[in-house]
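In case you want the letters, here they are:
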Amino acid sequence: MNPHGVTAPAQLAERLASTGYLCDDALATIGFLALELGRPLLLEGEPGTGKTALAEALAESLGLPLVRLQCYEGIDAAQALYDWDFPRQILHLRAVESVSGAGANGVREGADLEAIEAGLFSERFLLARPVLQALRESPAVLLIDEVDRADDEFEAFLLEVLSTYQVTIPELGTVKAITPPVVVLTSNRTREVHDALKRRCLYHWIDHPGLDREVEIVRSRAPEVSRELGEQVVALVQRLRTGGLVKAPGVAETIDWARALDRIGSRELDVESAARTLGAAVKHREDADRVRAALDRMLAR
């Protein structure tokens, strides 16, 4: 049994459901296997399909801290691992000079310069970034979000870390996770993640949920919304996703739209209320214009 006490996919699905995250059997199974085999889980899919939310739900359901690394173009290993607190190091040097009395070398003659220098690179000045933080605080859930936005060099760094779950800090030594963190990587597939990293991970493609499951999700996450209104919003969003929009609404937008309609007092979806609250679900001007022009026809269906 894995160290997180999850004995079967159904049990993981129940734990996730207790946080409001409803998953199908396939996702529950691959999530269970990631825990059981100690393997990273790579989730790909369109934006808004619940990839990041799964990592958050995993952390909550397992009672573990969530450590998030947001990837972006140009990110490097130092920004994921650690840095030194340069301003505090400067203040420390000035304090040493003040106490010792400044001499020709900036410190008192005969002072142990090597000890002072070594002290600048001690734990007190170390700034742990997400990957190092997850290794030191593990067990934890490490979310590496939108890994497809990083470059090949950063992927190679991740592959090395995820193979050993340890990193070396030259000034302090090697840090190794006693219990490997639960690692979830997400990708919106703006580019292909390299095969080497994929081979290290278990893989799952997350698609938008079907109508019935999305209604269940809205009911779970926004229980204040009436069943009829929730069903109508989900049905409309499902149509929008097949309408060739620049950015189709995700599940989070469905929930936001249902809540927005509820807050303005709507008990059922009509053209006027849908148009007034469209900004909760559609975030591009071209898409908004297109949807408003077709609301009569779409709601009539």
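Here we summarise the structure given alongside this text. These numbers were taken from a predicted model, which means no experiment stands behind them. (Residues numbered from 1 in each chain as written. Predicted model: local features only at pLDDT ≥ 70, side-chain atom pairs only at ≥ 80, totals over all residues. Heavy atoms only, no water.)

## As for the pairing of strand β1 (residues 41–44)
- Alternating positions in β1 separate into two faces, L41 and L43 on one and L42 and E44 on the other, with burial throughout.
- The sheet contact formed by β1 and strand β9 (residues 202–205) spans four bridges and is parallel. Of the residues in β9, the one forming a bridge with L42 is Y203. (Buried < 20%, exposed > 50% of the residue type's maximum accessible area, 1.4 Å probe, protein only. Helix = DSSP H or I, 4+ residues; strand = E, 2+ residues; numbered from the N terminus. Pairing = 2+ DSSP bridges.)

## With respect to the packing of helix α10 (residues 211–221) against helix α11 (residues 227–240)
- The contact between α10 and α11 brings their axes to 9 Å, and the two run at 130°. Taken together, the axis directions place α10 and α11 in an arrangement best described as oblique. For the crossing formed where α10 meets α11, the hand is right-handed. Between α10 and α11, the contacting residues are L211, E214, V215, V218 and R219 on the first element and R227, G230, E231, V234, A235, V237 and Q238 on the second.
- Considering only residue class, the contact of α10 with α11 consists of six nonpolar, two polar and four charged. (Axes fitted to C-alpha atoms, helices over the stretch in contact; angles between N-to-C directions. Parallel < 35°, antiparallel > 145°, perpendicular 65-115°, else oblique. Left-handed = near helix turned anticlockwise from the far one by under 90°. Contact = heavy atoms within 4.5 Å. Nonpolar A, V, L, I, M, F, W, Y, C, P; charged D, E, K, R; others polar.)

## Structural notes on the sheet that holds strand β2 (residues 66–70)
- The strand order β2-β5-β8-β1-β9 describes an open sheet built from five strands, whose pairing is parallel. The sheet is open, and its two borders are formed by β2 and β9, each paired with just one other strand. Averaged over all adjacent pairs, the angle separating strand axes in this sheet is 20°, with direction ignored.

## Describing helix α12 (residues 251–263)
- Compared with an ideal rise of 1.5 Å per residue, which puts 13 residues at 18 Å, α12 spans 18 Å between its outermost C-alpha atoms and is within 8% of the ideal.
- Within α12 the residues assigned to the buried category are V251, E253, T254, I255, W257, A258, L261 and D262.
- Contact partners of the buried residues in α12: α10, α11 and α13 (271–276).
- Looking one or two places after α12, you find G265, whose phi comes out positive at around 90°. (Expected span 1.5 Å × (residues − 1).)

## Regarding the pattern of salt bridges
- On inspection of all chains with the given rule, the structure shows 11 salt bridges.
- Put simply, E155 and R191 hold a salt bridge, and the shortest N to O gap is 2.6 Å. Within this pair, whereas E155 is found in helix α8 (residues 152–164), its partner R191 is found in the loop between β8 (182–187) and α9 (195–200), the two being separated by 36 residues in sequence.
- The exposure class of E155 is buried, given its relative accessible area of 3%.
- For the salt bridge of R241 with E214, the shortest nitrogen-to-oxygen distance reads 2.7 Å. Here the residue R241 occupies a position in the loop between α11 and α12, and E214 occupies one in helix α10, the gap between them amounting to 27 residues. E214 shares its class with R241; the two are buried.
- Linked through salt bridges whose partners overlap, the residues forming this network are E44, R189, E192 and K198. (Salt bridge = Lys/Arg side-chain N within 4 Å of Asp/Glu carboxyl O.)

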